[in-house]
Each structure stands twice: as structure tokens, then as C-alpha cells.
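# Inside the fold
Each chain, written out:
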Amino acid sequence: MDLGRLLLAIATVSSLTAVVCGNVVFQVHNKFKGREDRSLTAMRAHDARRHGRLLADVDLQLGGNGHPSETGLYFAKIGIGSPSKDYYVQVDTGSDILWVNCIGCDKCPKKSDLGIELSLYDPKSSSTGNLVTCDEGFCTSTYNGPLPGCRPNLLCQYNVVYGDGSSTAGYFVKDDVQLDQVTGNLQTSSTNGSVIFGCGDKQSGELGSSSEALDGILGFGQANSSMLSQLASSGKVKKIFAHCLDSINGGGIFAIGDVTQPKVNTTPLVPNQPHYNVIMKEVEVGGDVLPLPTDVFDSGDGKGTIIDSGTTLAYLPDEVYKQLMNAIMAKQPGMKLHTVEAQFSCFQFVGSVDHEFPMVKFHFAGSLTLTVYPHDYLFQIREDAWCFGWMNSGVQSKDGKDMTLLGDLVLSNKLVLYDLENQTIGWTEYNCSSSIKVKDNSGAVYSVGAHDLSSSTTLVIGQVFPVLLFVYMLHSLL
């Protein structure tokens with residue numbers, strides 16, 4: 001059988017996953033059932049759309065730092081308003097604001113190929129919903145000062161334009177987001193948190209299509225306009241979150257709060273960047289450091305290294321990609337590569353890839369190392385056929401040819417901690433099917449197990465598996 005007709009194994013979370021953010025829980029789902037349900041084309045198309053948006057200039061009409069991207073691997077079912085109504089929003093570390101499509105929206109998707117029921121938010125139908133005007137503190141602080149032409153009752157608007165021509169526009173509203181407060185180990189009670197978010201009234205391009213359509217986006221970026229930042233500024237959560245994605249058994253953890261176990265080594269985030277940029281120092285293959293140019297990992301416009309859980313594969317600058325692939329293939333001199341779908345390098349092999357192929361290590365500032373095993377960077381597409389998950393950034397995008405983008409390919413089976421309070425990011429190899437420990441400001445520590453928490457959830461929507469998201473908040477403030 002021709003390799004191009006085979007399905008690629010996807011290194012993503014495929015079944016039940018628990019997500020922790022303080023003391024509050026809401027459901028998060030994976031868009032894709034697992035390895036067997038996505039073709040090479042579908043996976044690459046996902047990353048192509050997302051990569052283009054990460055590189056695109058973002059034009060917020062009234063300012064701001066939102067960088068929503070259309071395609072992500074995870075989405076949450078959250079309740080908004082009084083009475084509460086469910087909405088499905090993409091969970092994305094590359095975005096800042098929470099926004100949902102609103103009543104009267106122009107060109108908003110009416111159906112989704114994910115098999116979920118889409119809804120339009122109506123602030124007038126919620127007793128706790130309020131419009132945000134341009135003279136309010138949120139608007140002026142988000143856009144770094146008073147807005148020209150602002151007058152009483154003028155709404156605080158947003159308009160995001162992406163590099164591929166897609167856009168989302170609307171205005172900000174304030175309403176309650178329904179949260180389930182964690183009151184002890186595996187115990188929750190319902191509560192609400194007041195959040196300012198975007199009410200989308202016009203979408204275009206891919207954002208208006210039915211393919212993988214959702215009600216909106218829940219950003220976990222660094223901007224003050226994010227839900228995480230708002231909850232942190234009110235003292236309800238710490239500006240820290242983590243995820244642990246189990247690509248072997250399925251499941252995992254996504255947490256907001258102070259993770260006390262496992263301990264994680266960290267590297268500084270590059271300051272004043274919209275994404276989670278880090279400083280890479282060198283690449284090692286099978287114990288040998290690649291002789292790369294000293295400036296290949298420099299930071300700057302269109303350059304640098306980004307950690308992004310919303311990207312599936314790993315993208316490397318041309319020089320890094322070629323040297324990496326040559327070093328790996330040197331361990332298998334008689335192996336012949338076949339190009340599948342014009343971009344994937346695949347080969348025939350029977351045996352243990354971990355025994356026959358070298359480990360790859362990325363070294364970062366602060367002596368932090370990211371180890372990627374052969375079973376992580378290779379995908380088995382049939383019993384005797386495998387493909388590489390490394391991609392050449394120079395071939396994928398003209399503007400991002402010098403960028404390194406590390407996605408789930410290298411992040412799976414590791415606890416990744418984003419500490420925005422100390423501006424660091426770190427990780428450690430971890431069994432994502434086990435549990436972590438989180439602590440609130442009162443000193444209470446809760447052990448959260450991925451499979452324990454998700455085992456009580458039976459909801460399956462189409463081919464999307466549910467996971468749980470927990471918000472670890474202070475009892476006294478809720």
C-alpha cells in the first residue's frame with residue numbers, strides 16, 4: 001500500500017484528561033479522537049493555519065495584545081451568563097482574550113463538523129451581563145490609555161486581522177463564567193467568576209467556516225485582558241498554569257495554580273513577546289552537539305523559539321532541520337526515505353525505534369534540557385512504516401523560516417509549567433496518567449489525578465473526548 005494513503009499517528013492527548021486551575025472545574029475536550037482519526041493532510045493543515053496566525057501581524061482597532069488563532073487541539077465547555085448557558089471555546093496558549101460569537105453576528109458559523117451544537121451569546125438575555133464602554137478602566141488599561149474619540153456609552157471594541165485574511169471583530173462585555181470550585185481532593189462545588197470577554201459580532205475567513213468551528217476562543221496568553229490575568233488581578237488565582245499531555249495512555253492534566261509536585265526546572269521567558277518565547281542554546285543528537293551557526297536561535301522579528309501546545313509538530317529553521325535529520329539518518333545509513341504528501345519524510349522499519357534511533361536534546365538558557373525520544377518524534381503509520389514529526393520552517397512559511405516552533409510532538413509526556421509571575425517556563429518528564437499536587441494561598445494542598453477526576457465523566461460528543469479543567473482558587477475569595 002502507498003504510504004500516502006496511510007493514516008499518521010498523532011502525538012496528542014486522545015482520551016480523558018484532567019485540567020486544574022485553582023479550585024474551579026469546567027470541561028475541556030480534545031477536538032480529535034486520536035492517532036487513527038487524522039490524516040497527514042489534516043494534521044499539517046491544522047499546523048499551517050495556526051503557524052500563519054502566530055506569525056501574522058495583529059491589528060486591534062483600539063489597541064491590545066490579543067492573538068487568537070483559529071485552530072487548536074483542545075476546547076472547553078464553559079457556562080456563561082445568568083441563567084448559565086454552555087459554550088464551546090478553544091483553549092489556546094497562543095491567544096489572550098476569551099471571546100464568543102454573539103447574537104446578530106455576521107458570518108458566524110451556524111454548524112460545526114465536530115458534532116457540537118453552536119450557540120450565540122446574548123448579553124441582554126443574561127441578568128448579570130453588562131456592556132463595557134470605552135471609558136471604563138478595563139478598556140483604557142488594555143489599550144494603554146484613553147481612546148481617541150471615546151464618549152459616554154461608546155462600546156469598547158476589538159478587531160483582530162490575521163495574516164491569512166481571517167478576522168474577528170466585536171465588543172467587550174462583562175458577565176459571570178460558571179466555575180466548579182474544588183473544595184477538596186476530587187470534590188467540587190459550583191461558583192461563578194466575573195470576567196470581561198469579547199462578544200464577537202463579525203467573523204471572516206476560516207473563523208466563519210464550519211470546519212472545526214467553535215463558539216469562540218479561551219486564551220491563556222500573558223496579556224492583562226486574558227481570563228487568567230483578570231482572575232489573578234482580583235486575587236482569585238496565581239498567574240501560573242501547567243499541562244501534562246499523555247500521548248501513550250491518553251489523558252493528562254491542565255492546571256492553573258501553584259504546582260508543588262513534581263518540581264520543575266525553568267528557563268526565563270524572553271521579555272516583551274506576545275508568545276511563550278525562550279532562548280535555545282544548542283541541539284544534541286545521540287550525544288553529539290550539532291555544529292550550528294551561533295546566531296541560528298537569536299530572538300527578534302520572525303526569529304526565536306516558541307513553546308506552543310496548540311501546535312502538533314515541531315518546526316525548525318532550515319539549517320537546524322537539515323543537520324538534525326542528517327545526524328539521525330547517519331545512525332541508519334541503509335535506510336531510504338519516502339516523501340509522503342509532498343512534505344513528510346517516511347520510511348519502512350520493523351523493530352524498536354527507541355533502540356535504533358537517537359535521542360534528541362534541546363538545551364536552553366538556565367541549563368534546562370528538553371529530551372525528545374524516538375517514539376516522540378516518530379509516528380507509526382502502519383506496522384512496518386514510520387514518519388518523522390520534524391518539519392522545515394523554511395519550507396512551511398516565508399515569514400517564519402527562521403523560527404523554531406515546538407509543539408505537542410516534544411511537549412507530550414512532560415509536565416510543562418508556565419510561571420507568569422516569575423516570567424519563567426519549565427518542564428520535567430512525568431507520568432501524565434498519575435497525579436500532581438497544587439497549593440492555594442491558605443497552604444492547603446490537593447492531589448489531583450488525571451484518570452481519577454475524569455473517570456466520573458462519561459460525556460462523548462461525536463469523536464471528541466471530554467476532559468476536566470480545574471481552577472485552583474482561594475476558598476475565602478469565592
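Structural data are supplied above this passage.
Below or above, wherever it landed, is the structure these notes cover.

Rules and cut-offs
- Residues numbered from 1 in each chain as written.
- Predicted model: local features only at pLDDT ≥ 70, side-chain atom pairs only at ≥ 80, totals over all residues.
- Heavy atoms only, no water.
- Pairing = 2+ DSSP bridges.
- Helix = DSSP H or I, 4+ residues; strand = E, 2+ residues; numbered from the N terminus.
- Axes fitted to C-alpha atoms, helices over the stretch in contact; angles between N-to-C directions.
- Contact = heavy atoms within 4.5 Å.
- Buried < 20%, exposed > 50% of the residue type's maximum accessible area, 1.4 Å probe, protein only.
- Phe/Tyr/Trp six-rings, centres within 6.5 Å; stacked < 30°, edge-to-face > 60°.
- Salt bridge = Lys/Arg side-chain N within 4 Å of Asp/Glu carboxyl O.
- Expected span 1.5 Å × (residues − 1).
- Disulfide = S-S within 2.5 Å.
- Core = buried A, V, L, I, M, F, W, Y, C linked by side-chain atoms within 4.5 Å.
- Polar contact = N/O pair within 3.5 Å; in protein donor to acceptor, adjacent residues only side chain to side chain.

## Topic: the sheet that holds strand β24 (residues 378-382)
- The strand order across the open sheet formed by four strands is β20-β21-β25-β24, and the pairing between neighbours is antiparallel. With partners counted over all chains shown, the strands left at the sheet margins are β20 (338-340) and β24, one partner each. In this sheet, neighbouring strand axes are inclined to one another by 35 degrees on average, regardless of whether the strands run parallel or antiparallel.

## Concerning the sheet that holds strand β22 (residues 360-364)
- With respect to topology, four strands assemble into an open sheet ordered β17-β16-β22-β23, the strand pairing being antiparallel. Each edge of the sheet is formed by a strand with only one pairing partner; in this case those strands are β17 (288-289) and β23 (368-372).
- Relative to β23, β22 runs antiparallel, the two sharing five bridges. Along β23, the bridge assignment pairs Phe-364 with Leu-368.
- Across the sheet, helix α4 (residues 318-329) lies against β16 (280-285) and β22, angled at about 25 degrees from β16, the strand it touches most.

## Quick word on unusual backbone geometry
- Of the consecutive residues Ser-82 and Pro-83, the connecting peptide bond is found in the cis state with omega at 0 degrees.
- The linkage connecting Gln-261 with the following residue, Pro-262, adopts the cis geometry, with an omega of 5 degrees.
- Within the secondary structure layout, Pro-262 lies in the loop between β13 (258-261) and β14 (265-268).
- At Asn-153, a residue that is not glycine, the phi angle is positive and equals roughly 75 degrees.
- When you line up the elements, Asn-153 lands in the loop between α2 (137-142) and β7 (157-161).
- Among the residues examined, Asn-153 registers a relative accessible area of 69% and is labelled exposed.
- For Asn-413, which is not a glycine, the phi torsion comes out positive at approximately 65 degrees.
- With respect to the element layout, Asn-413 can be found in the loop between α8 (408-411) and β28 (414-419).

## Details of the packing of aromatic side chains
- Following the criterion strictly, the structure yields 17 aromatic pairs and no others.
- When the centroid spacing of 5.2 Å and the interplanar angle of 75 degrees are considered together, the rings of Phe-364 and Trp-427 count as edge-to-face. Of this pair, Phe-364 sits in strand β22 while Trp-427 sits in strand β29 (residues 424-429), and the two are 63 residues apart along the sequence. Neither Phe-364 nor Trp-427 differs from the other in exposure class; each is buried.
- Here the aromatic residues Phe-347, Phe-349, Phe-357, Phe-362, Tyr-377, Phe-388 and Trp-390 are joined through ring pairs into a cluster of three or more.

## Re the pattern of salt bridges
- Taken as a whole, this structure holds four salt bridges when the rule is applied.
- A salt bridge links Asp-258 to Lys-238; its shortest N-O distance comes to 3.5 Å. Of the two residues, Asp-258 sits in strand β13 while Lys-238 sits in the loop between α3 (227-233) and β11 (240-245), which places them 20 residues apart along the sequence.
- For Lys-238, a relative accessible area of 26% puts it in the partly exposed group.

## A word on α4
- Under the 1.5 Å per step criterion, the end-to-end length of α4 is 16 Å for 12 residues, consistent within 8% with the ideal 16 Å.
- Among the residues of α4, those classed as buried are Val-320, Tyr-321, Gln-323, Leu-324, Met-325, Ala-327, Ile-328 and Met-329.

## Quick notes on the state of the cysteines
- What the rule picks out here adds up to six disulfides.
- In this model, Cys-105 is linked to Cys-108 through a disulfide, with the two sulfur atoms separated by 1.7 Å. An S-S torsion of about 70 degrees defines the bridge between Cys-105 and Cys-108 as right-handed.
- Relative accessible area serves as the criterion here: at 8%, Cys-108 is assigned to the buried category.
- A sulfur-sulfur separation of 1.9 Å characterises the disulfide bridge that pairs Cys-346 with Cys-387. Where Cys-346 bonds to Cys-387 through sulfur, the torsion about that S-S bond is close to 95 degrees, and the disulfide is right-handed. Placement of Cys-346 in strand β21 (residues 344-348) and of Cys-387 in strand β25 (residues 385-388) is noted, with a sequence separation of 41 residues between them. With respect to burial, Cys-346 and Cys-387 carry one shared label: buried.
- In the chain, the bonded cysteines, numbered by position in the sequence, are linked as 1-8, 2-3, 4-6, 5-7, 9-12, 10-11.

## Here we look at the nonpolar core
- Counting 84 residues, the largest nonpolar core has Val-283, Val-360, Phe-362, Tyr-377, Trp-390 and Val-410 as its most contacted members.
- Examining the composition of this core, we find that seven residues originate from one element, α4, more than from any other.

## A word on the side chain of Asp-96
- Tracing the chain through its elements places Asp-96 in the loop between β4 (85-92) and β5 (98-106).
- A distance of 3.1 Å separates the side chain of Asp-96 from the backbone nitrogen of Gln-222, its partner in a polar contact.
- A polar atom in the side chain of Asp-96 sits 3.3 Å from the backbone nitrogen of Ala-223.

That is the geometry; function is a separate question.
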